[in-house]
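Architecture and fold: a report
What follows is each chain in one-letter form.
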Amino acid sequence: ELAYQKGFRKAAILYINTNDYGPGLEKVFKEEFAKLGGQVVISEGHGAGDSDFRTQLTKIKASSPDVLFLPSQMPENALVVKQAKELGIICSIIGTETMQDEKFVQAVGEAANGIIFTSFAEYKGVQANDFSAKLKAKFGEEKAIYSDYAYDAVYAIAKAMEACKNPQDSACVKTELYKTNFIGATGPVGFDENGDVKGKDFAVFKIENGKFVAQQ
């Protein structure tokens, strides 16, 4: 939807194909983009740990897309962006939450500017600020993607274990997890009847001068 709303009609995809993350996003993007009236002109995969993407990128350049969808991960996505620029690929790039990482911007440099990606909407509550401040004080770094979610996930499991007489009773822990209800570093934490976390919205960000700027 984001790609189509931005006016893109010919998309290329370069995705990581050695785990479930990339193929899932590749499949859904192709289906939904076509429903909207767009066309995926080429789709190429790559492995985890790959460092040379010139073969795939050369094919992508030849297909003349107006946008490249990049559901990959660090450091592969950073190498893709750098090599795309080296090959003279000038189409826009849309990425995923794995780009919301200072290491990505540091690795890519100025080529990162203008990239748009979807990621978790920022929670601005006291708990989020407290988590960020404590993390920086302890490790000297800003929070990275998933760090606050990992923190809340561990906290949810700990609360569930505390609620069980036997913290190693997995059935009890599962039952208590469904009852989870607290405000964490990512905001309200709770789960629906399928065990999926509730109320975690996505937002659109644009990289501008090395900063992740939320888009309206």
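So, a few notes on the structure that sits alongside this text.

Conventions and cut-offs
- Here the residue index of a chain counts from 1 through its sequence in written order.
- Two thresholds apply to this predicted model, a pLDDT of at least 70 for residue-level local features and 80 or more for giving and counting side-chain atom pairs, whereas whole-chain, interface and lining totals are computed over all residues.
- With hydrogens and water set aside, each side-chain value is computed from the structure's full complement of heavy atoms.
- Between Lys or Arg on one side and Asp or Glu on the other, a salt bridge is scored when a side-chain nitrogen of the former is within 4 Å of a carboxyl oxygen of the latter.
- Under the DSSP-based scheme used, a helix requires at least four consecutive residues in state H or I and a strand at least two consecutive residues in state E, with every element numbered from the N terminus.
- Burial status follows relative accessibility: with a 1.4 Å probe on protein chains alone, a residue under 20% of its type maximum counts as buried, one over 50% as exposed, and anything between as partly exposed.
- By the criterion applied in these results, polar contacts are pairs of N or O atoms within 3.5 Å in which, for protein atoms, one can donate a hydrogen and the other can accept it, and in which residues neighboring in sequence qualify only through two side-chain atoms.
- Multiply 1.5 Å by the residue count of a helix minus one, and that product is the helix's expected span.
- The arc in question is traced by the directions running from the helix axis to the C-beta atoms.
- Should any heavy atoms of two residues lie within 4.5 Å, those residues are counted as being in contact.
- Stacked, tilted and edge-to-face are the three classes applied to pairs of Phe, Tyr and Trp rings, where Trp contributes its six-membered ring and a pair requires centres within 6.5 Å; stacked means planes under 30 degrees apart, edge-to-face means over 60, and tilted covers the rest.
- Whether a charge sits over a ring depends on NZ of Lys or CZ of Arg being within 6 Å of the ring centre and within 35 degrees of the ring normal.

What follows concerns the pattern of salt bridges. Applying the stated criterion across every chain yields a total of 10 salt bridges. Here Glu26 ties to Lys30 by a salt bridge, and the two come within 3.5 Å at their closest N and O atoms. Of this pair, Glu26 and Lys30 both sit in helix α2 (residues 21-36), 4 residues apart, which is roughly one turn of the helix. Note on Glu26: relative accessible area 10%, which makes it buried.

Let us look at the side chain of Thr180. Mapped onto the fold, Thr180 is located in the loop between α8 (170-178) and β6 (182-184). Of note is the side chain of Thr180, whose polar atom sits 2.7 Å from the backbone oxygen of Leu177.

Right, let's get into helix α7 (residues 147-162). The end-to-end C-alpha distance of α7 is 23 Å, a good match for the 22 Å that 16 residues give at a rise of 1.5 Å each. By the burial criterion, the buried members of α7 are Asp148, Asp152, Ala156 and Ala160. All buried residues of α7 fall inside an arc of 110° around its axis, so they share one side. Away from its buried face by more than 90 degrees, α7 exposes Val154 and Glu162. Contacts made by the buried residues of α7 are with α6 (126-139), α8, β6 and β7 (187-189).

The tally for this structure, following the rule as stated, stands at 10 aromatic pairs. With a centroid separation of 5.2 Å and 25° between ring planes, the pair formed by Phe29 and Phe33 is classed as stacked. Of this pair, Phe29 and Phe33 both sit in helix α2, 4 residues apart, roughly one helical turn. Pair check on accessibility: Phe29 and Phe33 agree, each one buried. Note on Phe120 and Phe202: the rings are 5.1 Å apart at their centroids and 55° apart in plane angle, and the pair reads as tilted. One end of the pair, Phe120, is in strand β5 (residues 116-120); the other, Phe202, is in strand β8 (residues 202-208), with 82 residues separating them in the sequence. Residue Phe120 is classed as buried on the basis of its relative accessible area, which comes to 16%. Three or more aromatic residues link up through ring pairs in this structure, and these residues are Tyr4, Phe29, Phe33 and Phe69. The ring centre of Tyr4 lies 3.5 Å from the NZ or CZ of Arg9, which sits over that ring.

The analysis is restricted to geometry; functional conclusions fall outside its scope.
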